[in-house]
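Reading the structure
Below are the chains, spelled out letter by letter.
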Amino acid sequence: MSEKIWGITPNTIAILIAFACYLLMMIAVGFFSMKKNKSTADYFLGGRGLNSWVAALSAQASDMSGWLLMGLPGSIYLAGTGKAWIAIGLFIGTVLNWLVISKRLRRYTIVANNSLTLPEFFQNRYRDEKKILLGISSVVIVIFFLVYTASALASGGKLFNTVFHIDYHYALLIGAAVILAYTFMGGFLAVCTTDFIQGTMMLIALLTVPIIAYSAIRGDVMGALVANGVATNSDFLSLFYINGEPYPIVSIISDLAWGLGYCGMPHILVRFMAIRSEKELKKSSVIAIVWVAISLTAACVIGIVGRGYLNGVLVDGDSENIFIKMIQQIFDGNFIVVFIGGLFLCGILAAIMSTADSQLLVCSSSASKDIYKNILHPEAEDKKIFHISRITVIVVAVLACLIAWDPNSSIMALVSDAWAGLGSAFGPLVVCSLFWKRTNLPGAVSGVISGGLFVIIWDYLPLVNGATLYEATGIYSLLLGFFISLACIIAVSLITKAPSKEIVDEFEKVGSYREE
């Protein structure tokens with residue numbers, strides 16, 4: 001298939017058609033979802049009407065992003081199976097989030113004046129009349145979600161650049177434009193519906209591609225690694241080695257600490273708040289846990305099998321394209337075969353879009369609902385809030401593009417920083433808000449500030465001979481930031497005035513809450 005049509009190869013045309021079909025479907029979902037948005041509760045929380053399948057796959061698809069299909073396999077491809085400790089930590093975090101956090105958070109947000117966003121829940125939970133906690137929480141969300149959104153857009157840029165050989169910057173803008181379209185139109189319902197479709201596509205791609213590659217090397221992974229000169233012993237397949245060297249215990253613990261971030265991720269927690277009923281929530285828990293177990297395992301397998309299948313040809317800067325290269329090599333043939341490969345490449349695009357849209361919507365809700373409506377203009381009507389939210393979506397997307405503008409931006413590094421910031425700032429407070437009635441407003445404020453600031457200082461400021469504290473120690477900021485924030489919440493809450501009887505009574509009411 002080498003003959004070109006208008007300067008474009010038939011292979012490229014086949015993939016373009018697959019991408020066009022997929023992207024048009026996503027935009028159509030946004031258009032039809034737009035008609036169902038009658039209020040801000042519909043736009044930001046889908047009217048609390050998600051069923052078990054949509055809630056589960058939406059939560060996990062919005063969680064994993066392009067990191068699952070590009071960042072994680074790429075790191076394992078380069079360094080070995082030792083990088084799978086991150087996946088193990090994330091799986092543990094996912095299980096605890098669904099089994100421990102989800103039910104009580106859903107109940108509490110209903111009891112606490114039907115809170116629609118995480119900052120609004122904090123405001124209602126602690127009777128934040130001066131709206132200090134609300135404002136700080138909203139600003140933290142916007143800051144770290146800018147970085148998080150940038151990681152998703154960088155993934156999209158690398159995908160289009162690798163597949164279509166489009167300049168990275170043009171590719172970045174194309175991906176951002178499509179995500180903007182359906183998020184702008186349909187809000188939360190569109191995001192969750194598309195996430196459901198995208199979560200399904202991700203799973204199919206994750207399962208099919210490594211199985212075909214595994215068959216191609218006849219099931220002999222170690223033989224393929226040795227034959228291609230990328231491994232001479234079993235160190236590559238050991239959880240306790242990285243780049244042929246023993247993996248330090250502090251690094252393993254840091255990788256496992258990724259799981260701590262789950263209880264502080266607004267774009268995941270909002271799915272718990274939006275589920276139709278507690279009965280649906282139980283089903284969602286099972287679906288989500290099974291989905292994430294399969295997906296994380298498959299992503300790790302892609303990194304391992306891909307190292308042998310691709311003959312170890314990818315270098316450091318290109319390793320995050322491993323899944324793309326595997327699909328291109330497997331589905332190389334006639335028009336139909338390449339078109340099918342294009343649909344699998346859409347699985348990577350699905351992973352990217354399912355996270356970016358959620359992040360844009362959370363930023364939008366923080367700016368329009370929490371800052372504009374709840375702080376600046378309490379009298380604002382729903383129509384005005386809709387306008388502000390959509391303007392925010394555009395502004396955040398533009399700023400995220402600027403952050404991701406460097407073609408050498410590491411998806412893994414961007415995700416790592418954002419995950420640590422949100423997990424440290426909000427994770428401990430969510431846990432304390434739900435399960436410790438002595439937590440008070442000063443303690444909550446100190447937790448958010450200390451957790452967020454610690455990550456910024458640890459990851460961004462060159463304090464040790466021109467290096468950051470993370471670079472100097474190798475300790476993931478979330479591991480320390482989470483417990484520093486938790487310690488501040490406990491200490492400040494205990495040395496300041498206890499919560500009022502009204503707050504304590506509401507806390508007790510959550511335990512006995514029953515749906516009508």
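As a reminder, the structure under discussion sits directly above these lines.
Each chain carries its own residue numbering, running from 1 in the direction its sequence is written. Side-chain atom pairs in this predicted model are given and counted only at pLDDT of 80 or more, local residue features only at pLDDT of at least 70, and totals for whole chains, interfaces and linings cover all residues. Only hydrogens and water are removed before side-chain values are computed, so all heavy atoms of the structure are retained for them.

Along the chain, the position of Asp255 falls in helix α9 (residues 249-256). Exposure is judged per residue with a 1.4 Å probe applied to protein chains only, and the accessible area is read against the type maximum: over 50% gives exposed, under 20% gives buried, and values in between give partly exposed. We treat Lys and Arg as the positive residues and Asp and Glu as the negative residues; His and chain ends play no part in the count. Here a salt bridge means any side-chain nitrogen of Lys or Arg lying within 4 Å of a carboxyl oxygen belonging to Asp or Glu. No salt bridge is formed by the buried Asp255. Its closest oppositely charged neighbour is Lys83, at 4.2 Å. Setting aside residues no more than four positions away along its own chain, Asp255 makes contact with Gly82, Lys83, Trp85, Ile86 and Tyr247. Secondary structure follows DSSP: runs of H or I at least 4 residues long count as helices, runs of E at least 2 residues long count as strands, and numbering of each begins at the N terminus. We call two residues in contact whenever any of their non-hydrogen atoms come within 4.5 Å of each other.

Because an α-helix completes one turn every 3.6 residues, residues spaced three or four positions apart along the sequence face the same direction. Given a rise of 1.5 Å per residue, 20 residues ought to cover 28 Å, and the 29 Å separating the end C-alpha atoms of helix α16 (residues 441-460) matches this to within 8%. The N-capping residue of α16, defined by a side-chain oxygen 2.9 Å from the backbone nitrogen of Gly443, is Asn440. A helix's residues, less one, multiplied by 1.5 Å, set its expected span. We define a polar contact as two N or O atoms separated by no more than 3.5 Å, with the added condition that, inside protein, one atom must be a possible hydrogen donor and the other a possible acceptor, whereas residues neighbouring each other in sequence contribute only through side-chain atom pairs.

Attention now moves to the packing of aromatic side chains. Any two of the Phe, Tyr and Trp rings considered here, Trp counted by its six-membered ring, make a pair once their centres fall within 6.5 Å; the pair's planes then place it as stacked at under 30 degrees, edge-to-face at over 60, or tilted in between. Scanning the entire structure with this criterion turns up 15 aromatic pairs. Taking 5.3 Å as the distance between ring centres and 25 degrees as the angle between the ring planes, the aromatic pair formed by Phe454 and Trp458 counts as stacked. With Phe454 and Trp458 both in helix α16 and 4 residues apart, this pair spans about one turn of that helix. The same class applies to Phe454 and to Trp458, which are both buried. An aromatic cluster is present here, built from Tyr108, Phe121, Phe122, Phe426 and Phe507 joined pairwise through their rings. Placement of a charge over a ring requires the Lys NZ or Arg CZ to be within 6 Å of the ring centre, with the centre-to-atom vector within 35 degrees of the ring normal. Sitting over the ring of Phe507, Arg104 keeps its end group 4.8 Å from the ring centre. The residue whose ring lies beneath Arg307 is Tyr77, and the NZ or CZ to ring-centre distance is 5.2 Å.

Our next topic: the side chain of Ser138. Here Ser138 is to be found in helix α6 (residues 132-164). A relative accessible area of 0% means that Ser138 is categorised as buried. What Ser138 contacts, discounting residues up to four positions off in sequence, is Pro119, Ser366, Asp370 and Ile371.

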